[in-house]
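The primary structure of each chain is shown beneath.
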Amino acid sequence: RKRHDNDQDKESVNDDTRENKKVFRIRELPIRPTVPPMYVPQLMMEMLCLGPSCRSVIMVRQTATIGAVILRLHRDDEWIEEMLYWLRRFMTNFVHEGTPPPANFFWDNDDDSIHGGGERYRRFVTRTKEIGEAVELVDYVSHSGVQRVMSEGKRPVSLFLD
C-alpha cells in the first residue's frame, strides 16, 4: 500500500504474511541549489591547498530519489583568512594546551576572554551560511539522468565494499 501526501512523503508498508511488517518512509524534499554551511570550510580548504590560481570548486549533491544538482562555489580569500584565524585560535587555545573546549566556546564568549570570539565569530558563521547560499547553479540532473551502478542481472550494486 502506498500513500502520497502533498509534501511528497511516501509511506510504504510491506504486507509480509510472516511475523513482522516492515514500514519505511522516504521524504522527497526539493533539492536546493545551496552548499550546506558544514561543507563550506572543506571546499575552501581544498581551494587553499590547490593554490591561489584555484578560484572555484564544483560540488555535486545527489539524492536517492530526486536527482542531483551541480554547484560551483567561488573562492573567497577574505573568508579563508578568517577561517585560518579561527583554526589557529582553536589550535592555540585547546589542542596545544591539551584542554577540551567548553560548549559553544567561540560563540558564547565575549571578545575579551581567552576563549572569546563573540561578535567576530558570529559574523564568520553568518558569512559561512551566506557563502553556501550564494553558489552558482551549474545544472540539475533528473533522477533518470543519474548513472547508477547495476549488476549484470540489472540489480543495483553497493558502491561500498563491505
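Each value, and the rule that gives it
Residues numbered from 1 in each chain as written. Predicted model: local features only at pLDDT ≥ 70, side-chain atom pairs only at ≥ 80, totals over all residues. Heavy atoms only, no water. 1 Å grid on protein atoms, 1.4 Å probe; cavity = no way out; pocket = protein on both sides within 12 Å on 5 of 7 lines; lining within 4 Å. Points joined across faces, edges and corners; volume = space filled by probe spheres on them. Helix = DSSP H or I, 4+ residues; strand = E, 2+ residues; numbered from the N terminus. Nonpolar A, V, L, I, M, F, W, Y, C, P; charged D, E, K, R; others polar. pLDDT = per-residue confidence, 0-100. Contact = heavy atoms within 4.5 Å. Core = buried A, V, L, I, M, F, W, Y, C linked by side-chain atoms within 4.5 Å. Buried < 20%, exposed > 50% of the residue type's maximum accessible area, 1.4 Å probe, protein only. Axes fitted to C-alpha atoms, helices over the stretch in contact; angles between N-to-C directions. Parallel < 35°, antiparallel > 145°, perpendicular 65-115°, else oblique. Polar contact = N/O pair within 3.5 Å; in protein donor to acceptor, adjacent residues only side chain to side chain. Patch = residues over 30% accessible without salt bridge, like charges linked within 9 Å, V, L, I, M, F, W, Y side chains within 5 Å. Areas by Shrake-Rupley, 256 points an atom, 1.4 Å probe, with all protein chains shown as cover. Salt bridge = Lys/Arg side-chain N within 4 Å of Asp/Glu carboxyl O. Pairing = 2+ DSSP bridges. Phe/Tyr/Trp six-rings, centres within 6.5 Å; stacked < 30°, edge-to-face > 60°. Lys NZ or Arg CZ within 6 Å of the ring centre and 35° of its normal.

Draft legend 1. Just the layout of surface pockets, in detail. Taken as a whole, the largest pocket holds about 230 Å³ of empty space. Contributions of two or more residues to the lining of the largest pocket are made by α1 (40-50), α2 (77-95) and α3 (118-133). With five residues, the top contributor of residues to the lining of the largest pocket is α2. Looking at the lining of the largest pocket residue by residue, the class counts come to 14 nonpolar, one polar and no charged.

Draft legend 2. Layout of the confidence of the model for the chain. Overall, the predicted model of the chain reaches an average pLDDT of 83, with 81% of residues at or above 70. Of all helices and strands in the chain, the one with the weakest mean pLDDT is strand β1 (residues 2-4) (37), whereas α1 scores best (98). Note on residues 1-18: pLDDT under 50 across the span, and 33 contacts to partners over four residues away in sequence or across chains.

Draft legend 3. Structural context of the nonpolar core. Counting residues in each nonpolar core, the largest one holds 23 residues, and the members touching the most others are V35, M44, L73 and W79. Of all the secondary structure elements, the ones that give two or more residues to this core are α1, β4 (56-62), β5 (67-74), α2 and α3. Sorting elements by how many residues they give to this core places α2 first, with five residues. Contact partners of W79, with chain neighbours within four places excluded, come to V40, P41, M44, F124, R127, T128 and I131.

Draft legend 4. Here's a closer look at the packing of α1 against α2. It is the contact of α1 with α2, at a shortest axis distance of 10 Å, that shows an interaxial angle of 105 degrees. With respect to their mutual orientation, α1 and α2 come out roughly perpendicular. On α2, the residues that touch V40, P41, M44, M45 and L48 of α1 are W79, I80, M83, L84 and L87. When the residues that make up the contact of α1 with α2 are grouped by side-chain class, the tally is 10 nonpolar, no polar and no charged.

Draft legend 5. Quick peek at the side chain of D76. Looking at where D76 falls in the secondary structure, it is placed in the loop between β5 and α2. A distance of 3.2 Å separates the side chain of D76 from the backbone nitrogen of E78, its partner in a polar contact. A distance of 2.9 Å separates the side chain of D76 from the side chain of R127, its partner in a polar contact. Residue contacts for D76: discarding those within four places in its chain leaves M44, R127 and I131.

Draft legend 6. Layout of a nonpolar patch on the surface. Taken together, the side chains of I58, V60 and V138 make up a nonpolar region of the molecular surface, amounting to roughly 240 Å² of accessible area. Tracing the backbone shows V60 in strand β4.

Draft legend 7. How the structure looks around the pairing of β4. Two elements, β4 and β5, share seven bridges in a ladder whose sense is antiparallel. Paired with R61 across the bridge in β5 is V69. Hairpin connection from β4 to β5: four residues lie between these consecutive antiparallel strands.

Draft legend 8. Quick peek at the packing of aromatic side chains. Per the stated rule, a full pass over the model turns up 12 aromatic pairs. Judged by centre distance (6.4 Å) and plane angle (85 degrees), the ring pair of W107 and Y121 falls under edge-to-face. One end of the pair, W107, is in the loop between α2 and α3; the other, Y121, is in helix α3, with 14 residues separating them in the sequence. W107 gets classed as partly exposed once you look at its relative accessible area, which sits at 34%. Aromatic rings pair up to connect W79, Y85, W86, F90, F94, F105, F106, W107, Y121 and F124 into one cluster. Just above the ring of Y85 sits the side chain of R120; from NZ or CZ to the centre is 3.7 Å. Seen from the ring of W107, R122 lies directly overhead, with NZ or CZ sitting 5.9 Å from the centre.

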